[in-house]
Each structure stands twice: as structure tokens, then as C-alpha cells.
Amino acid sequence: NTRSVELNWTSYHNYDVIYSWFDSLAELYPENVTTFVAGYSYLGAEIKGIRIQLRENATRVAVIDGGIHAREWISIATATYIANQFLTTTNSTIRAAAEEVIWYILPVLNPDGYNYTIYVDRMHRKNMQVNESVDCSGYSGGSGIGVDLNRNFAFYWMANGGASSYPCSVQYAGPYPFSAPESQAFRSFIGGISENLDLYLTLHSYSQLILFPYGHTTQPLDNYYEQYTIGRMAADAIESNSGRKYIVGNSAEAIYISTGGSDDWVKGTFGTRLVYTYEVRDTGTYGFLLPPDQIIDTAEEVLASIPVLVQQLIRLDT
Ligand code: PAY
Ligand code: ZN
């Protein structure tokens, strides 16, 4: 019998601690929680997730991920906070939403990069893949290490800008789509559950935005209006929770043109009805270095928007 591990949200934790906590949850809630490994990182770390099903007859499936970018620590802490709340909340609205859906939560899609930001270079964004030898000294736009996983997905890969073929760039898209083991792991994981996938929520920081596909064009997607309206409702729920304003729009117009993101790939490949990229706190005061005393408030505001997304999914179905 392993010792039970508890997590807190007053500091940031490395993936070993998070994964041990997952194991404890699976022991504590054997009826509702299982862990799974989506695949392995470049350096061989597990990309581990937790599956939460509170009601036996739940059929809708949702994925929440975080940490695709190494330095965006708050996305990881928010994902674990949400998992914990789904299991322990006394708020009936949150509980009801949690029960409607089978949740797959993968807080650390880029474990190697996350460790590197904890122990070596706090501002690293990419994974830790070794690129073809190229001298990045004297280049201020990034380091030679790694691929930007959010440019490595096979949907309009490197097609319309906002991604780079230069290995030193922070937005290096990799030599070909799915060249990174982490994006491959995500592909095979999603491939296995895509059939009933209704909601994909990918957490990033920072800017306080609720983005939806696509990143390669400002041209509205098929259900633009639906995604926009529901995104707007989610932003309203956030604002009533904390007073924070989140701007809603498709990626290309609300932030910038980009290609090869996980959101666009999920939408473009599987047609998943609701796909959102949340850029959580803040708007630049601390940026990626969001102090740990803001973890709970940030995670709470994100959590407050989840019942809205679930209720709208149900409405669309009926
Ligand atoms: O879905 O359009 C999208 C992705 C947008 C994000 C990206 O570049 O991948 C936006 C950035 C991010 O979270 O990585 C925003 C931050 C502030 C950045 O590094 O530019
Ligand atoms: Zn990001």
C-alpha cells in the first residue's frame, strides 16, 4: 500500500508530485477514477492523465489539458485543481456538470519542458527535443532546444504563418507534423476517444482570452456563432466569479495567426463541437510568472465557466 499523497494549490508542483497524487486519487475513488498514460515524452517521461466518471450512465466525453507550453505553469495547476473539484466539490452546479461527462484530464502534456522550466530555464516554451545542429547564439527569439508542440499538429501545418521552420524560434513547428513524441502521444490518445468527444478545452497562459478555431484564418468556421456565443457565456461566468474579463474570439482574430495548434487539429480532424483554448491569467503584470497566490482564484474562475459549457452541450444535444 502506497502512502496517500495530497496536493495543494498554494504552490506549483512538478509532474512527479502530480502523478503520485493521481495514483492516490485512483486508490481513494476506485469507482470513479482511473489513471492512464497517453504516451511518453522525448526524454521518456510519462504523459499521464486521469479519467473521472462520476455517473455510470454518463456518455459525453470531454478532454482538458494543460502544460503544452512549458512555462505556462498556471495551466497545469488549473487542470489539477479542476480534477480535484470534480471529485470533492460541495457546489451543486459544479457537481451536476461534473456528473454529466466522462472527463479526461492531462495537466502536463510537455513534462520534459515543464521540468526544464522548474530547474533550469523558467522561460522555456517548447519540448526538449534535440534539433538538427544549428547555432542559436546571438538569436534572441528563442533557444535551439525543442519544438513548439502547439505548432506541430497536422492541420494547416506551416501553412499560413504564425509558425517557424527555424529551429531556434520559440514557434518552431518541427521538421514535419507530429515530429514530437508529445504531440504523437496526444494524437493516439485522442484517436482512441474521439468518437464521443464533445468538448476539448486546452489551457494556456497568459492574456485572459477564450479562443476557438481556427488560427490559420479569420474566416469563420462552420459553428462560429455557436462557439462564439457559448464562449461569451463562459467569459460571463468567469466575470461573475472574479470580476476578471476574458475576451472571446477565434484565434486568428483575437490573438494572432498561428498554425499547427492542438485546438485546430482536434476541430479540423474530428469536428468536435466545442473546442476552446483558454489563455488564463493574467494580462501581463506577471505574465508567465503568475504568483502561486493567484492559482486558486484563477482555477476557480475557470471552473466557474465549466457548467456553462456542459449545460450548452446538453442543450445542443436535445
Ligand atoms: O490556439 O491560437 C491558438 C494558440 C495561441 C497560443 C499559442 O501561441 O500557441 C497563444 C500563446 C500561448 O499560450 O502559447 C500566448 C502566449 C502569451 C505567448 O507565448 O505568446
Ligand atoms: Zn501556450
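What comes next concerns the included structure. All figures in this text were calculated on a predicted structure; none of them were measured in a lab.

Cut-offs and rules
Throughout this description, residue numbers start from 1 for each chain and increase along the sequence as written. Lettering of chains starts at A and numbering of ligands starts at 1, both following the order in which they are written. In view of the model being predicted, local features appear only for residues whose pLDDT reaches at least 70, and side-chain atom pairs are presented and counted only at 80 or more, with totals across whole chains, interfaces and linings using the full set of residues. Only hydrogens and water are removed before side-chain values are computed, so all heavy atoms of the structure are retained for them. Residues are counted as near a molecule or strand when any one of their heavy atoms sits within 4 Å of it. For the purposes of these results, a polar contact is taken to be a pair of N or O atoms within 3.5 Å, where, inside protein, one atom must be able to donate a hydrogen and its partner to accept one; residues adjacent in sequence count only when each atom of the pair is a side-chain atom. Using a 1.4 Å probe, the Shrake-Rupley method yields the accessible areas, and only the shown protein chains count as cover for residues. Numbering of helices and strands starts at the N terminus; helices are DSSP runs of H or I of at least 4 residues and strands are runs of E of at least 2. Distances up to 2.8 Å from the metal define which N, O and S atoms are donors, and 3.2 Å serves for Na, K and Ca; water is absent from the atom set, so sites may look incomplete. Any coordination sphere not matching a tetrahedral pattern (four donors, all angles between 85 and 135 degrees) or a square planar or octahedral pattern (four or six donors, opposite donors over 155 degrees apart, other angles between 65 and 115) is reported as irregular. Burial classes: relative accessible area under 20% of the type maximum marks a residue as buried, over 50% as exposed, and values in between as partly exposed (1.4 Å probe, protein chains only). We define the nonpolar core as a collection of buried residues of types Ala, Val, Leu, Ile, Met, Phe, Trp, Tyr and Cys that are connected through side-chain atoms lying within 4.5 Å of one another. A pair of strands is labelled paired if DSSP reports no fewer than 2 bridges between them. Think of a salt bridge as a Lys or Arg side-chain nitrogen and an Asp or Glu carboxyl oxygen that are within 4 Å of each other. Whether two residues are in contact is decided by their heavy atoms, any of which lying within 4.5 Å being enough.

Concerning the site of ligand 1
Step number 1: Near ligand 1 there are 17 residues, and of these Arg-125, Arg-151, Tyr-256, Asp-263 and Glu-279 occur at the shortest range.
Step number 2: Between Ser-205 and ligand 1, the recorded distance is 3.3 Å, taken from a backbone N or O atom to an oxygen atom.
Step number 3: One of the side-chain N or O atoms of Ser-258 is found 3.3 Å from an oxygen atom in ligand 1.
Step number 4: Considered on its own, ligand 1 offers 460 Å² of accessible surface; in the complex 92% of this is hidden by protein.
Step number 5: Mapped onto the shell around ligand 1, the elements with two or more residues apiece are β5 (197-205) and β8 (274-280).

Quick look at the coordination of the zinc ion (ligand 2)
Step number 1: Distances from the zinc ion (ligand 2) to its protein donors, His-69 (ND1), Glu-72 (OE), Glu-72 (OE) and His-204 (ND1), fall at 2.0 to 2.2 Å.
Step number 2: Around the zinc ion (ligand 2), the six donor atoms are arranged such that angles at the metal cover 56 to 151°; this shape is classified as irregular.
Step number 3: Sequence spacing of the donor residues for the zinc ion (ligand 2), all on one chain, is H-x2-E-x131-H. Here His-204 lies in strand β5 and Glu-72 lies in the loop between β3 (60-65) and α2 (73-88), a separation of 132 residues in the sequence.
Step number 4: Note on Glu-72: relative accessible area 2%, which makes it buried.

Describing the nonpolar core
Step number 1: Ranked by size, the top nonpolar core spans 87 residues in total, and within it Ile-52, Phe-86, Trp-103 and Tyr-278 carry the most contacts.
Step number 2: In terms of residues, this core owes the most to one element, α2, which gives 10 residues.

Details of the pairing of strand β4 (residues 101-106)
Step number 1: The buried fraction of β4 amounts to six of the six residues, a majority that puts the element mostly inside the structure.
Step number 2: Bridging between β3 and β4 involves six bridges; their strand directions are parallel. By the bridge assignment for β4, Val-63 is matched with Tyr-104.

Some words on the pattern of salt bridges
Step number 1: Here the structure, examined in full by the defined rule, presents 12 salt bridges.
Step number 2: Between Glu-100 and Arg-55 there is a salt bridge whose closest N-O contact spans 3.6 Å. Placement of Glu-100 in helix α3 (residues 92-100) and of Arg-55 in the loop between β2 (46-53) and β3 is noted, with a sequence separation of 45 residues between them.
Step number 3: Residue classification places Arg-55 among the partly exposed positions, given a relative accessible area of 30%.

Some remarks on the environment of Pro-291
Step number 1: For Pro-291, the position within the fold is in the loop between β8 and α9 (295-317).
Step number 2: In this structure the C-alpha to C-alpha distance between Pro-291 and Thr-10, which are 281 residues apart in sequence, comes to 9.4 Å.
Step number 3: Apart from the residues within four sequence positions on either side, Pro-291 is in contact with Tyr-12 and Tyr-286.

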